[in-house]
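Each chain, written out:
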Amino acid sequence: IQAHLGLLVLCGVLMGGGQALFAPAQRALIPALVPNEVIQSANALITTSSRTAGIVGPAIGGVVVTALSVEWAFAIDLATFAVSVVTLLVVSRNLGSDTRSRPSASFMDETLAGLRVVWQHRWVLVIIAQGAFQVLLVHAPLVVLLPIYLSAHGSLSQLGYAYSAQAVGAVAGGVAANKIRVKEPGTAALLALLTAAAPILSMLSGSALWVLLVAMGVAGIGGSVFGVIWTTAIQKAIPSEALARVASLDYLGQLGLDPVGLAATPFAVRRFGLEPVLVASGIGLVVTTILPFAVKGVRRFEDPRADPEDAVDSARERRS
């Protein structure tokens, strides 16, 4: 049993590492595959399809295991990876040579180059930092707080329904994000994050299970809306040669503090209790969502234009 557990842990580490390599590369690849005007639609389609697969996939896996065997389930899963690899090879062959071949650089040089680009676009830096702290204070704790809450109310068996409701909401959010066209996409994206308050308020009020399920669905909608708008913004704002580096830094920022939040939450609940931790997460959600608005460029998810009054003053100085 220990040997099997160790193998599963190793597989989990390898899959996590592969996802960390794939996700930023996928983000960087989209602008090279679709026209600029449909990038947001492409991101919405990716979100919708991946979330739908996350709902349908486990059900299909259960059917395969029941009808055939675990071995057959893994074999079919392996075949899907093979199809993915072939698809990527075809896509790579159809891309321009300038996308496939670039001068190699050291890891440190690549990282520093990405940091320089992020520093030049301060709104990108702010949102990456905002995401890191919101994951630490809100999203990672909720993963732990939800089963603790359900267990305390004798409903732990309903945990799967809660996560399913969130996934369904995420699908709906991906569909909705395809239609969102506003003057201030940054404002829309950040306000969408406040939907995470729904499950927090539901747990604090001790509402009925169906209310909690609806709240999880609402949070799923907001998460997808933010993700699509934010991803589209950096794909349009960051030069193609630096996009993969910036996407990697964003991925690191969004997930870097996730293990800390997951590990610290049970200790916080044991020390302070469930309700105070829920209240703290709610406060953290509001603070980390509102503070970025103080930075220019965040509302529109683009570099701020020069102030017209500053331009007039500069022109007067040149004339004098």
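All figures in this text were calculated on a predicted structure; none of them were measured in a lab.

Looking only at helices and strands, the protein features 14 helices and zero strands. Whereas a compact globule of 320 residues would reach a radius of gyration of roughly 20 Å, the protein reaches 22 Å, a difference of no more than 12%. Across its three principal directions, the C-alpha atoms of the protein cover 80 × 50 × 35 Å. When the 320 residues of the protein are sorted by exposure, 33% land in the buried category. As presented, the protein carries roughly 18700 Å² of accessible surface, and 68% of it is formed by carbon and sulfur atoms. When the 21 basic and 18 acidic side-chain charges of the protein are each reduced to a single mean position, those positions are 3 Å apart.

Here we take up the confidence of the model for the protein. Per-residue confidence for the protein gives a mean pLDDT of 84, with 90% of residues at or over 70. For the stretch residues 306-320, pLDDT sits under 50, and the model shows zero contacts to residues farther than four places along the chain or on other chains.

Right, let's talk about unusual backbone geometry for a bit. Although it is not a glycine, F301 adopts a positive phi angle of roughly 55°. Within the element layout of this structure, F301 appears in the loop between helix 13 (274-290) and helix 14 (308-319).

So, about the pattern of salt bridges. In total, this model carries two salt bridges according to the counting rule given. A salt bridge links D250 to R27; the shortest N-O distance between them is 2.3 Å. Of this pair, D250 sits in helix 11 (residues 240-255) while R27 is found in helix 1 (residues 2-33), placing the two residues 223 residues apart along the sequence. The exposure class assigned to D250 is buried, which follows from its relative accessible area of 1%. R299 is the salt-bridge partner of E184, the closest N and O atoms lying 3.8 Å from each other. Taken together, the positions of E184 in the loop between helix 7 (159-177) and helix 8 (185-193) and R299 in the loop between helix 13 and helix 14 put the pair 115 residues apart, joining distant regions of the chain.

Turning our eyes to something else, we now look at the environment of V70. The residue V70 is located in helix 3 (residues 70-94) in this model. In the structure, V70 is positioned 14 residues away from V56 in sequence and 17 Å away in space, judged by C-alpha atoms.

Empty space within the second largest pocket amounts to approximately 340 Å³. Around the second largest pocket sit 17 residues that line it, and P185, T232, A233, K236 and R300 are the ones nearest its centre. Here the lining of the second largest pocket gets five residues from one element, more than from any other, and that element is helix 10 (residues 209-237). Of the residues assigned to the lining of the second largest pocket, the class counts are seven nonpolar, three polar and seven charged.

As a further point, take the packing of aromatic side chains. For the structure on display, the rule yields four aromatic pairs. Look at W123 and W230: their rings are 6.0 Å apart centre to centre, the planes differ by 90°, and that puts the pair in the edge-to-face class. Of this pair, W123 sits in helix 6 (residues 122-152) while W230 sits in helix 10, and the two are 107 residues apart along the sequence. Exposure class is identical for W123 and W230. Each is buried. Measuring from ring centre to ring centre gives 5.4 Å for W230 and F301, while their planes differ by 65°; the resulting arrangement is edge-to-face.

Here we come to the nonpolar core. In this structure, W123, V124, W230, I238 and F301 are the most contacted members of the largest nonpolar core, which totals 24 residues. If you list the elements that add at least two residues to this core, you get helix 5 (107-120), helix 6, helix 8, helix 10 and helix 11. By residue number, the principal contributor to this core is helix 10, which donates six residues. The contacts of W123, once residues within four sequence positions are left out, are W230, A233, I234, A237, K296, G297, V298, F301, E302 and D303. In terms of nonpolar packing, the next biggest core, distinct from the first, is built from 19 residues, L146, I200, L212 and V269 among them.

Close contact between helix 6 and helix 11 brings their axes to 7 Å; oriented N to C, the two are set at 25°. Overall, the two elements helix 6 and helix 11 adopt an arrangement that is roughly parallel. In contact with V124, I127, I128, G131, A132 and V135 of helix 6, helix 11 contributes V246, L249, D250, G253 and Q254. Broken down by class, the residue content of the contact of helix 6 with helix 11 amounts to seven nonpolar, three polar and one charged.

Moving on to the packing of helix 2 (residues 39-67) against helix 7. Two elements in contact, helix 2 and helix 7, have axes separated by 8 Å at closest approach and are oriented at 165°. The angle between helix 2 and helix 7 places the two elements in the roughly antiparallel class. Where helix 2 crosses over helix 7, the handedness of that crossing is left-handed. Contacts from Q40, A44, T47, T48, R51, T52 and I55 in helix 2 reach A167, V168, A170, V171, G174, V175 and A177 in helix 7. A per-class count over the contact of helix 2 with helix 7 returns eight nonpolar, five polar and one charged.

A surface patch of nonpolar side chains, about 310 Å² in accessible area, is lined by I55, V56, I60 and V168. With three residues, the top contributor of residues to the nonpolar patch is helix 2. Its place among the elements puts V168 in helix 7.

Calculation criteria
- Numbers given to residues run from 1 along each chain, matching the order in which its sequence is written.
- Per-residue local features of the predicted model are confined to residues with pLDDT of at least 70, and side-chain atom pairs are confined, for both listing and counting, to 80 or more; whole-chain, interface and lining totals are unaffected and use all residues.
- Derived side-chain values reflect all non-hydrogen atoms in the structure, with water molecules and hydrogen atoms excluded from consideration.
- Secondary structure counts use DSSP, requiring at least four H or I residues in a row for a helix and at least two E residues in a row for a strand, with both numbered from the N terminus.
- We take the radius of gyration over the C-alpha atoms and set the globule estimate at 2.2 Å times the residue count to the 0.38 power.
- Residue burial is assigned from relative accessible area. The probe radius is 1.4 Å, only protein chains are included, and a residue is buried under 20% of its type maximum, exposed over 50%, and partly exposed in between.
- Note that accessible areas follow from Shrake-Rupley with a 1.4 Å probe, and for residues the cover is restricted to the protein chains shown.
- By the counting rule applied here, Lys and Arg register as positive and Asp and Glu as negative, while His and the ends of each chain are not counted.
- In plain terms, the charge of a residue is placed at NZ if it is Lys, CZ if Arg, CG if Asp and CD if Glu.
- Per residue, pLDDT measures the predictor's confidence, with a range of 0 to 100.
- Any two residues whose heavy atoms approach within 4.5 Å are treated as being in contact.
- A pairing counts as a salt bridge when a side-chain nitrogen of Lys or Arg comes within 4 Å of a carboxyl oxygen of Asp or Glu.
- Residues are called lining when one of their atoms sits within 4 Å of a cavity or pocket point, these points coming from a 1 Å grid over the protein atoms alone, where a cavity is a set in which a 1.4 Å probe fits but cannot get out and a pocket is an open set with protein on both sides within 12 Å along at least five of seven lines.
- Grid points are joined across faces, edges and corners, and a volume is the space filled by probe spheres set on the points.
- As a working rule, the residues Ala, Val, Leu, Ile, Met, Phe, Trp, Tyr, Cys and Pro are called nonpolar, Asp, Glu, Lys and Arg charged, and the rest polar, with Gly in that last group.
- Between rings of Phe, Tyr and Trp, where Trp is taken as its six-membered ring, a pair exists when centres lie within 6.5 Å; planes separated by under 30 degrees are stacked, by over 60 edge-to-face, and by other angles tilted.
- Put simply, buried Ala, Val, Leu, Ile, Met, Phe, Trp, Tyr and Cys residues joined by side-chain atoms within 4.5 Å make one nonpolar core.
- Axis definition: a line fit to C-alpha positions, over the contact stretch in the case of helices; interaxial angles, taken between N-to-C directions, run 0 to 180 degrees.
- Working rule for angles: under 35 degrees goes down as roughly parallel, over 145 as roughly antiparallel, 65 to 115 as roughly perpendicular, anything else as oblique.
- Should the near helix be turned anticlockwise from the far one by less than a right angle, the crossing is left-handed, and should it be turned clockwise, the crossing is right-handed.
- Within the patch definition used here, like charges are joined within 9 Å and nonpolar side chains (Val, Leu, Ile, Met, Phe, Trp, Tyr) within 5 Å, considering only residues with over 30% relative accessible area and no salt bridge.

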